[in-house]
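Fold and geometry: a report
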Amino acid sequence: MAERYQNYVNGVWNDASSGDVSTSTNPADYSDLIGEFQASSKADVDTAITAAHDVKESWRRTSSLARGGYLLKAASYLEANLEEYAQAVTRESGKAILESRGEVGRAIALLQYYGVEGSNPVGSVVPSVNPAILLYTNRMPLGVVSLITPWNFPIAIPIWKMAPALVYGNTIVLKPASATPHVATLIARMWEAVDLPAGVFNLVTGSGAAVGDELITNSKVAAISFTGSTRIGMNIASQAAQRGKRYQLEMGGKNPVIVLPDADLEQAAEITVSGAMKYSGQKCTATSRAIVVGNIMEEFTNMVVEKTNALKIGPGSDPDSIIVPVIDQASKDNITSMIARGVADGGSVLAGGGVPSGSDYGNGTFVQPTVINNVAVDAYVACEEIFGPVLSILPAGDAEDALNIANSVEYGLSAGIFTRDLNSVLDFADRIESGVVKINGETAGLEPQVPFGGMKASSSGDREQGKAAIEFFTQTKTIYVDRSAT
Ligand code: NAP
């Protein structure tokens, strides 16, 4: 009998009003049922938003040091329970266990960073033209913020939104992806364990199609922070804009690396394969296009194919697995049909191209790591996000041509270049249309203390993490105090 998990609203675990549930299973093994989770309705979301709204004033009035203190306690709690949380991430998202441990470690670092942020200054005193006037700025919380998150970083992404939201004085409602509700309940358990006041954090599970509108349009919601696909994000943007609500969107990518002829090819091939294939390419910052300049094409391609074929396919619970299952059957079908479309468009499959055979893979959603070449720069497979272990290799005549190809897609999340030439590095850093730029490094892999976000269709332009998070989660007040009249 599957364990049944509940929503966490106003400090209490409860069932959704409908009485309906949905299930979550392990992508490496369909027979491993993780549990049943509340299929919440709009009414349940309204209840959670109201709970957050009811305490927003008391939370705002709590000192930011005290708010930060809850985050620091949560960091310690996560540290003490790291292995349990990492195992849960692997079981539900399919991620390799080493990466899951890294993800929980990242969540801890974020909680520590924003915990300390609670004791940092938030405003400034500015000279006035009138010496009698004390002129200063302060940062005010927005109120209730809806957090809508994807399945691929089921703990790090919710935490990188909620840590700054909470420390800057907002109250929140989290709606996690339907594929990873169990990890979300563990996040709620963490806040319960550190006695965060009731109503400050609320969790409702359920389908985005059913409850998404309520999270965005409810009049008590001040802002929405979303990470997920560009299609859903753009819809949220238009709904929020019509109601004058603030929104923050981090969305898809089609991340390129450029390989110049002077690059250390061994290093470039190693990092390209790692960026494209780890977690089966299911990172928004995963490398999906390698744009290769000049006569190194054959040597580089051979290295990439050899390294790709050597990757171990298996469940995330096996520490040697690099190619883990993709999140679900729909994703597997989408990836294999994208590969087929690439072939139909003239592409040649150099590695992988299908699903692995054998009884080890029959119970999970595995896809082979795949390398394609001979596709046109504007072919669907080379322009659209696949979110699977698929790399397209594209030729370029020179560095200028490579930059134009890199910039030719609608996305602009992360991009890299491999070269030893300083001028090429600086020109690339200046002109690439991408929020994250890596020089001789992997497009995936971010540090939490610096801003993160994309350009073009990858983002609404706001940045998350680091100092930048304050811009979204607060609004500035400018205060004039005329001391001559007091
Ligand atoms: P998704 O399908 O867009 O879902 C993201 C979240 O939106 C889920 O919680 C989903 O709920 C919810 N949702 C679905 N329909 C909705 C609606 N009509 N209104 C409001 N919310 C709705 O994305 P995903 O498949 O979970 O994640 C993969 C995508 O996320 C990729 O495109 C990837 O590039 C992107 N991503 C971006 C970043 C970044 O920082 N730029 C980071 C990670 C992932 P349900 O699960 O219930 O449908």
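All of these numbers come straight from a predicted model, not from anything done at the bench. (Residues numbered from 1 in each chain as written. Predicted model: local features only at pLDDT ≥ 70, side-chain atom pairs only at ≥ 80, totals over all residues. Heavy atoms only, no water.)

Turning next to the sheet that holds strand 13 (residues 287-293). Ordered by their spatial adjacency, seven strands build an open sheet running 14-15-16-13-12-18-19, and the pairing between neighbours is mixed. Sheet topology places strand 14 (348-351) and strand 19 (436-439) at the edges, where each strand pairs with a single neighbour. Going from strand to strand, the sheet's axes swing by 25 degrees on average, the running direction of each strand aside. With three bridges connecting them, strand 15 (residues 370-373) and strand 16 (residues 390-396) associate as parallel partners. Counterpart to Ile372 in the pairing with strand 16 is Ser392. (Pairing = 2+ DSSP bridges. Helix = DSSP H or I, 4+ residues; strand = E, 2+ residues; numbered from the N terminus. Axes fitted to C-alpha atoms, helices over the stretch in contact; angles between N-to-C directions.)

The next thing to look at is helix 9 (residues 230-242). Between its terminal C-alpha atoms helix 9 stretches 18 Å, which fits the 18 Å expected from 13 residues at 1.5 Å a residue. If you check which residues of helix 9 are buried, you get Thr230, Gly233, Ile236, Ala237, Gln239 and Ala240. If you follow the buried residues of helix 9, they end up packed against strand 7 (144-148), helix 8 (208-217), strand 10 (221-227), strand 11 (246-250) and strand 17 (411-412). Of the residues trailing helix 9, Gly244 is marked for its positive phi of about 70 degrees. (Expected span 1.5 Å × (residues − 1). Buried < 20%, exposed > 50% of the residue type's maximum accessible area, 1.4 Å probe, protein only. Contact = heavy atoms within 4.5 Å.)

Once the domains are mapped, the protein chain shows domain 1 (7-251 + 459-479) and domain 2 (255-439). Placing a centre on the C-alpha atoms of domain 1 and another on those of domain 2 gives a separation of 31 Å. With 22 residues of domain 1 in contact, the opposing surface of domain 2 contributes 24 residues. Where domain 1 packs against domain 2, one counts one salt bridge. Here Glu99 makes a salt bridge to Lys283, at a shortest N to O gap of 2.9 Å. Counting across the domain 1 and domain 2 interface gives eight residue pairs in polar contact (both at pLDDT 80 or more). (Domains from an automatic or database assignment. Salt bridge = Lys/Arg side-chain N within 4 Å of Asp/Glu carboxyl O. Polar contact = N/O pair within 3.5 Å; in protein donor to acceptor, adjacent residues only side chain to side chain.)

As enumerated under the stated definition, the model contains zero disulfides in all. The thiol sulfur of Cys383 is not disulfide-bonded, and the nearest other cysteine sulfur, from Cys284, lies at 19 Å. Given a relative accessible area of 17%, Cys383 falls into the buried group. (Disulfide = S-S within 2.5 Å.)

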